[in-house]
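The residues making up each chain are set out below.
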Amino acid sequence: MSTTESAYSRKNPFPAPLAVNRKLTAEGSNKDTRHFEISLAGSGLAYEVGDSLGVFPANNPGLVDLVLKELGFTGEEQVATADGAPASMREALTRSYILTEPSKQLLQAVSGKDSSGAFLANLLLPEEKASLENFLWGRDVLDVLQEFSAARFTPEEFVKVLRKLQPRLYSIASSQKAAGESVHLTVAVVRYKVEHSSRLREGVCSTYLAERTPSSGVPVFVHTAKHFRVPENPDVPVIMVGPGTGVAPFRAFIQERKATGAKGPSWLFFGDQKSATDFLYREEFETAAAEGSLTRLTTAFSRDQAEKIYVQHRMLEHGADLFDWLEKGAFFYVCGDAKNMAKDVDTALHTVVERHGGKTAEQAKEYVDALKKDKRYRKDVY
Ligand SMILES: Cc1cc2nc3c(=O)[nH]c(=O)nc-3n(C[C@H](O)[C@H](O)[C@H](O)COP(=O)(O)OP(=O)(O)OC[C@H]3O[C@@H](n4cnc5c(N)ncnc54)[C@H](O)[C@@H]3O)c2cc1C
Ligand SMILES: NC(=O)c1ccc[n+]([C@@H]2O[C@H](COP(=O)([O-])OP(=O)(O)OC[C@H]3O[C@@H](n4cnc5c(N)ncnc54)[C@H](OP(=O)(O)O)[C@@H]3O)[C@@H](O)[C@H]2O)c1
């Protein structure tokens, strides 16, 4: 069944039971990366490998309590949600509004209500963009309310300066041919400390999935990603570069190609910090490699030795084979961090083509551009 045949969508998310919540990282890891299995049974929702799952989170009730206390509200005040529906202040702050990054409207309002507000007003000037970003880094709505505590709001005034809480997307880590009515996710739980406060900070949705899903189900929808499908021709080789949680869609690709008996060779580059604690789905990938449903598995553990080794270093080491695969028509996929990793992998790809294809930098660029044009170079980066 296609997603369009379901009654559920982003506008009407399906309340899906969370069936499995398992840590993939071991004791001693710097990270808490989890495997989730969410049931779509009865929803009519279907997905293809490469798609993402949209999740509507709720804020941590502990944080909501602190905001209510700071503002002197009981939580019972009646306000409008971001969609205009009536709700109690507690409900609206929990489900409807962003409590992490403060909006400009909040800063503007606070600047007019607190005697030291001129500082905030100055940050909002167009020429102070960098200072504003610097101020906002690691600061949430509660920080602003506490730092400018003379600012008082009526309930309606306060919710008007908040922005609407948005769903988060997660690459689907399963093939429906293997997982049936279940959808699997691979999620890095975001928790961090900030210098200016002892209060531990957390990502809304990743901690919601890890710690706060209601028994009534997690509101989800399927986000289709037609650009990130496996090749239609099962004989085509695939190269998959997915460090960290970027490996999620490739677990789905491997399941899919096994289920469909795809004959084309497949090569996974996986990287994370330490092999002992962060080798996500190690057993599954090693079994797939032993069985042949994954032809090659190449790993890059960045913190197993003094110098950093990343997936792009492995691509360069195996450059001759990688170029050979490309020449045989391989599709090249990248998933994960957009800020640094995807750019470095792109540079490494150009270097491989230059070195092993005997090309100039300009010719290598043309070669990679042609891969993109032919839709053989596909990215899902965030
Ligand atoms: C197509 C797509 C696919 C994705 N797939 C996956 C996936 O498979 N797995 C996965 O885990 N994620 C994935 N993501 C990312 C995911 O959507 C969320 O962005 C992620 O889980 C964080 O959301 P959150 O609500 O937990 O954190 P948020 O509440 O959104 O907080 C994250 C924000 O916290 C701030 N922050 C984080 N660390 C620090 C720090 N040290 N200091 C100061 N501020 C900090 C940053 O501003 C950051 O943007 C994907 C994103 C997209 C767009
Ligand atoms: N755009 C974003 O803001 C973004 C994207 C992805 C992940 N994250 C956040 O990062 C945390 C963990 O994410 P994750 O587990 O998916 O993994 P990750 O942080 O992307 O790390 C996976 C592996 O990639 C390595 N790495 C770091 N820089 C790299 C580069 N330039 N090129 C290639 N590899 C590189 C890391 O090494 P080292 O750690 O040893 O350097 C690690 O071995 C989460 O909190 C997540 O939210 C943020």
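Residues numbered from 1 in each chain as written. Chains lettered and ligands numbered in written order. Predicted model: local features only at pLDDT ≥ 70, side-chain atom pairs only at ≥ 80, totals over all residues.

**Quick notes on the packing of helix 14 (residues 319-327) against helix 15 (residues 341-357)**
Running from N to C, helix 14 and helix 15 point in directions that differ by 90°, and their axes come no closer than 9 Å. In terms of their interaxial angle, helix 14 and helix 15 are classed as roughly perpendicular. Only Val 352, Val 353, Arg 355, His 356 and Gly 357 of helix 15 make contact with helix 14, whose side of the interface consists of Gly 319, Ala 320, Leu 322 and Phe 323. Considering only residue class, the contact of helix 14 with helix 15 consists of five nonpolar, three polar and one charged. (Axes fitted to C-alpha atoms, helices over the stretch in contact; angles between N-to-C directions. Helix = DSSP H or I, 4+ residues; strand = E, 2+ residues; numbered from the N terminus. Parallel < 35°, antiparallel > 145°, perpendicular 65-115°, else oblique. Contact = placed C-beta atoms within 7 Å. Nonpolar A, V, L, I, M, F, W, Y, C, P; charged D, E, K, R; others polar.)

**Things to note about the pairing of strand 15 (residues 331-336)**
For strand 15, the buried fraction is high: six of the six residues fall into the buried class. Of the strand pairs in this sheet, strand 15 and strand 16 (residues 377-381) are connected by five bridges, and their pairing is parallel. When the sheet's bridge partners are listed, Tyr 333 is paired in strand 16 with Arg 378. (Buried ≥ 20, exposed ≤ 12 C-beta atoms within 10 Å, placed from the backbone. Pairing = 2+ DSSP bridges.)

**Observations regarding the site of ligand 2**
Around ligand 2, a shell composed of 24 residues is seen, among which Gly 244, Thr 245, Ser 302, Tyr 310 and Asn 340 lie nearest. Broken down by secondary-structure element, the contributors of at least two residues to the shell around ligand 2 are strand 13 (266-272), helix 13 (311-317) and helix 15. A class-by-class count of the residues in the shell around ligand 2 yields eight nonpolar, nine polar and seven charged. Two domains share the shell around ligand 2, each providing at least three of its residues, namely domain 1 (3-56 + 167-223) and domain 3 (228-381). (Near = placed C-beta within 6 Å. Domains from an automatic or database assignment.)

**A short note on the sheet that holds strand 8 (residues 182-188)**
With antiparallel pairing, the three strands of this open sheet are ordered in space as 2-3-8. The sheet terminates laterally at strand 2 (18-23) and strand 8, the two strands that pair on one side only. Geometrically, the sheet is characterised by an average inter-axis angle of 15° between neighbouring strands, direction not taken into account. Sheet topology note: the strand 2/strand 3 (residues 33-39) ladder contains five bridges and is antiparallel. Among the inter-strand pairings, Asn 21 is bridged to a residue of strand 3, identified as Phe 36. Each of strand 2, strand 3 and strand 8 touches helix 9 (residues 204-211); the most contacted strand, strand 8, lies at about 120° to it.

**A look at the domain arrangement of the chain**
Annotation of the chain at the domain level lists domain 1 (3-56 + 167-223), domain 2 (61-160) and domain 3 (228-381). A straight line from the C-alpha centre of domain 2 to that of domain 3 covers 43 Å.

**Observations concerning the site of ligand 1**
Around ligand 1 there are 21 residues in total, and Tyr 192, Gly 203, Cys 205, Ser 206 and Tyr 382 lie nearest to it. Looking at the shell around ligand 1, the elements with two or more residues in it are strand 7 (168-171), strand 8 and helix 9. The greatest single-element share of the shell around ligand 1, amounting to four residues, is contributed by strand 7. Looking at the shell around ligand 1 residue by residue, the class counts come to eleven nonpolar, eight polar and two charged.

**Structural notes on the sheet that holds strand 13**
Strand order across the open sheet formed by five strands is 14-13-12-15-16, with parallel pairing between neighbours. The open sheet has two free edges, formed respectively by strand 14 (296-301) and strand 16, since each of these has just one partner strand. Adjacent strand axes in the sheet meet at a mean angle of 10°, parallel and antiparallel pairs treated alike. Two strands pair when backbone bridges link them, and strand 12 (residues 238-241) and strand 13 are joined in this way by four bridges, in the parallel orientation. If you follow Val 241 over to strand 13, its bridge partner there is Phe 269.

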